[in-house]
Amino acid sequence: MGDVSSRALRMLFEATQAAEGIRPERIALALSVDIARLEAQNQRIDWRTFAAAMHRVSELVDNDPERLRRIGDRMMAVPSFVFLPRVARLLVSPVQLYEIGFRWVTPALYRPGISPTLDKLPDGRIRIVSELPPDFAPCEPFHQIVLGNMRSLPTLLDLPRAEYQAEVGPRRLEVLLRLPQSSLTLPGRARRALMALRGRREVVEAFEEQRREMHESIAAASAIQGNFRELFDNLPTFVLVHREGRIVWVNRTLVKSLGWSHLDDLVGRPVLELTHPSSRELVGGRLHVPVGAPVQATTIVRLLRRDGSTVTVEVGPAQAVEFRGGPARLVAGVDVSERLLLQQRLVTADRIASIGLLGAGVAHEINNPLAYALASVELATREAARTPGASPQLADSLATALEGILRVRTIVHDLRTLARSDDDPVEGTDVREVLESTLTLAANAIVGRARIVRSFSSVPLAAASGPRLGQVALNLVLNGIEAMPDDPAHANELRVRTFLDEAGRVAFEIEDTGAGIAPDVLSRIFDPFFTTKPVGRGTGLGLAICHQIVVGFRGQISVRSAPGCGSTFRVSLPLAAPAEAARSDDPRSQEDHAPCRVLVVDDEPHLVTSVRRMLVDRDYDVASVTSADQALLLLSSGERFDVILCNLMMPDMTGMELYDVLRGRWPELVGRVVFMTAGAFTQGARDFLARVPNRHIGKPFTIDQLQTEIDLAAAHGCAAE
């Protein structure tokens, strides 16, 4: 694309305002270009912008060719055209004026792109042809204005306008001019010629001014080229120019990224010398692919740094360029090392989330059969203990089975703790239970590495999500284990304690006897993706996620550490609301319950049977059904219960839907409902439990836990009445 001098645009602005009263701002308004830049001294602007200005002028004069030519007429007198009138005062012939204009003025304004030809015909006329080069957009208004300029040139010699015949088109102008004869007599011509001789100094100065402007334009263009070079040098993108696979230029960004000091360190080297062996076949193939041939849009290659390490770059196809007098290829690329590392970390995080989700799903499926297995074994154990003459072997077998089921329950509970969920409900959470589950879960990593020292003070429930808090505790425990050397276990200690902090919040600390953390690292310990572990050993997400979780609970997480002195992480959490704190009541501290009627609603028949036996064994009056519809029939017949123990998720009608029916038909029973859950909720179920004030108990549960929940619900129902 060609360009023109900014003086050409200033001449257009000045002539249009003089001929039509149209201010430059109205012309520039449609160009979306700063007028100050368009009018800047000794600058070049692209032809497309100049042509757009011409078309805008044409619109403003209603596309009238004669009005456009009048604008060309007025160019003779505008300040930006002062050069030619100064020269004209020293000329004798009008033809000389055209020759000087085409030889000096036109190249200065339009570079060699537009070079009109001038022929003298035998009949005294002159023929002028001007054509736009192929890379110049067509512009008929330009030719109309030039025609007005041509016909008015003789007026600079105090002569009438030239007579003309013209063919004007978007790309070509052909004009036949009959120039007026000079009115000077022979002595007058001689005097004018003498003036030209005497004024040669003025002519020289005029031409020198023109030469100076051309040189200034070239200097400005060189400055622009230097600015572009500076721009390329400071781009975050890598830029490399090679010829036949050998580097001829690279930008500063690539030089620094590869660990070199100067451009000269890389110029002349083969591109493959800077390429990692794993990428050389790919790069070597692309070096010689013809420009324009179909290739993959972008590709990933590895480059070698000066120290032998690598940088991963995403590069695009090569572009053909002219560089320092010859054809070359330009290749641009972006460092994607951090992006690929982030993708790997996100994949790891996604896998962790998937494992947590899988664990929650497995826990849900196990909890229902585990609930009635636990209830049955516990009942059998109690029955064996009451039966005279029962064999000791039976008691031992039942005790062993009960211990195994309780261990399975602990494992399932720990799996649920691993399940990450941003919208786990914030409720009363016993941090001691969470820490015990965490230590059980991390037992394999702890054995042989460290001795666990527990110091669990009695603390109230904390306002937190048990699974999310378990994720924090597990991360801190594993970090502490990894920080300790592989010495004999007695040399390492992992100290875990609970207490109330200075602000009265529930707090726990996990302290290791490891190497400690340097002060310059300590300030960044919770930054995402910051890790001091070797590549492949850590993602740098763990502590950042812990910080996010704890802050989400309106709590605080902090660390104390010094090199050689180990590290202590403290988590402080707000207290649970009083309604939640009631859950921490020890069942054994409750007064003996008064017998009450309980309705058990669950779609799992074995569980219904087991729960019924558990409650009957504790002298409750129990009715049981296996669907919500059966429960409604029972209530419609006039039956009433002190507590309704209902499964949350059931086919046909869920416990939530049954709750809504009760609220509409028997509102006095709503507060007596206790929900049983297997632990994996839909979002709707999660929102429901967060919304209603009713108690709920997780499966599997012991007889004592179930009795506590029923007694609290019965007491609440009586108090409400």
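Throughout, a residue's number is its position along its own chain's written sequence, starting from 1. This being a predicted model, a pLDDT of at least 70 is required before a residue's local features are given, and a value of 80 or more before pairs of side-chain atoms are given or counted; all residues contribute to the totals for chains, interfaces and linings. To get the side-chain values, take all heavy atoms of the structure and skip hydrogens and water.

K.L.:
Looking at this model, I keep getting lost on the nonpolar core. Mind explaining?
P.N.:
Take the buried Ala, Val, Leu, Ile, Met, Phe, Trp, Tyr and Cys residues and link them wherever side-chain atoms come within 4.5 Å; each set so joined is a nonpolar core. The classification of residues rests on relative accessible area computed with a 1.4 Å probe and restricted to protein chains. Under 20% of the type maximum is buried, over 50% is exposed, and intermediate values are partly exposed. Grouped together as the largest cluster of nonpolar side chains are 53 residues, with contacts concentrated most on Leu12, Trp47, Phe50, Tyr98, Phe142, Met150 and Leu177. Listed by contribution, the elements that provide at least two residues to this core are helix 1 (6-20), helix 4 (47-60), helix 5 (65-74), helix 7 (94-110), strand 4 (126-131), helix 8 (140-152) and strand 6 (172-178). Looking at this core element by element, the count peaks at 8 residues for helix 7. Pairs of residues are marked as contacts when any of their non-hydrogen atoms sit within 4.5 Å. Leaving out residues up to four positions away in the same chain, Met150 has contacts with Tyr98, Phe102, Ile128, Leu173, Val175 and Leu177. Membership of the second largest hydrophobic core comes to 38 residues, among which are Val459, Val477, Met484 and Cys546. Helix numbers and strand numbers start at the N terminus; a helix is a DSSP run of H or I with at least 4 residues, a strand a run of E with at least 2.

K.L.:
So what exactly am I meant to see when it comes to the pairing of strand 22 (residues 643-647) here?
P.N.:
The two faces of the sheet receive side chains in turn, since in a regular strand these alternate between them. Taking burial as the measure, the 5 residues of strand 22 include 5 buried ones, the bulk of the element. With burial as the criterion, each face of strand 22 is covered, one bearing Val643, Leu645 and Asn647 and the other bearing Ile644 and Cys646. When DSSP finds two or more bridges between two strands, those strands count as paired. For strand 20 (residues 597-601) and strand 22, the ladder comprises 4 bridges, and the chain directions are parallel. Pairing of Val598 across the sheet is with Val643, part of strand 22. Bridge count for strand 22 against strand 23 (residues 673-677) is 4 bridges, and the pairing is parallel. Of the residues in strand 23, the one forming a bridge with Ile644 is Val673.

K.L.:
Looking at this model, I keep getting lost on helix 22 (residues 628-636). Mind explaining?
P.N.:
The α-helix winds at 3.6 residues per turn, so residues separated by three or four positions along the chain end up facing the same way. Residues of helix 22 that are buried include every one of Ala628, Ala631, Leu632 and Leu635, and no others. Each buried residue of helix 22 lies within a common arc of 100 degrees when the element is viewed along its axis, so the set occupies one face. As for helix 22, its buried residues are in contact with strand 20, strand 21 (621-625) and helix 23 (655-665). Looking at the residues trailing helix 22, positive phi occurs at Gly638, about 105 degrees. This arc is built from the directions going out from the helix axis to the C-beta atoms.

K.L.:
Explanation requested: the confidence of the model for the chain in the structure shown.
P.N.:
Close inspection of predicted coordinates is inappropriate in any region flagged by low pLDDT. Here the chain averages 79 in pLDDT, while 76% of its residues score no lower than 70. pLDDT expresses how confident the predictor is about each individual residue, on a scale running from 0 to 100. For the chain, helix 9 (residues 186-198) is the element with the lowest average pLDDT, namely 47, and strand 17 (residues 506-512) is the one with the highest, namely 95. Low confidence marks residues 185-191, where pLDDT is under 50. Its contacts with residues over four positions away, or in another chain, come to 3 contacts. Contacts of residues 534-539 to residues separated by more than four positions or lying in other chains number 6 contacts, the stretch itself having pLDDT below 50.

K.L.:
Could you clarify how one ought to interpret the packing of aromatic side chains in this entry?
P.N.:
The geometry of an aromatic ring pair comes down to the distance between the two centres and the angle between the two planes. Pairing of aromatic side chains requires ring centres within 6.5 Å, counting the rings of Phe and Tyr and the six-membered ring of Trp. Pairs whose planes differ by under 30 degrees are stacked, by over 60 edge-to-face, and all others tilted. Inspection of the entire model under this criterion finds 7 aromatic pairs. Centroid distance Trp47 to Phe142: 5.3 Å. Interplanar angle 85 degrees. Geometry classified as edge-to-face. A residue pair is termed long-range when its members are at least 10 positions apart, and Trp47 in helix 4 and Phe142 in helix 8 qualify at 95 residues. Each member of the pair Trp47 and Phe142 is classed as buried. Look at Phe50 and Phe142: their rings are 6.2 Å apart centre to centre, the planes differ by 75 degrees, and that puts the pair in the edge-to-face class. Taken together, the residues Phe50 in helix 4 and Phe142 in helix 8 connect sequence positions 92 residues apart. A network of ring pairs unites the aromatic residues Trp47, Phe50, Phe136 and Phe142 as a single cluster. Placement of a positive charge over a ring is assigned whenever Lys NZ or Arg CZ falls within 6 Å of the ring centre and within 35 degrees of the normal to the ring plane. Geometry around Phe499 places Arg497 over its ring, the cationic atom sitting 4.2 Å from the centre.

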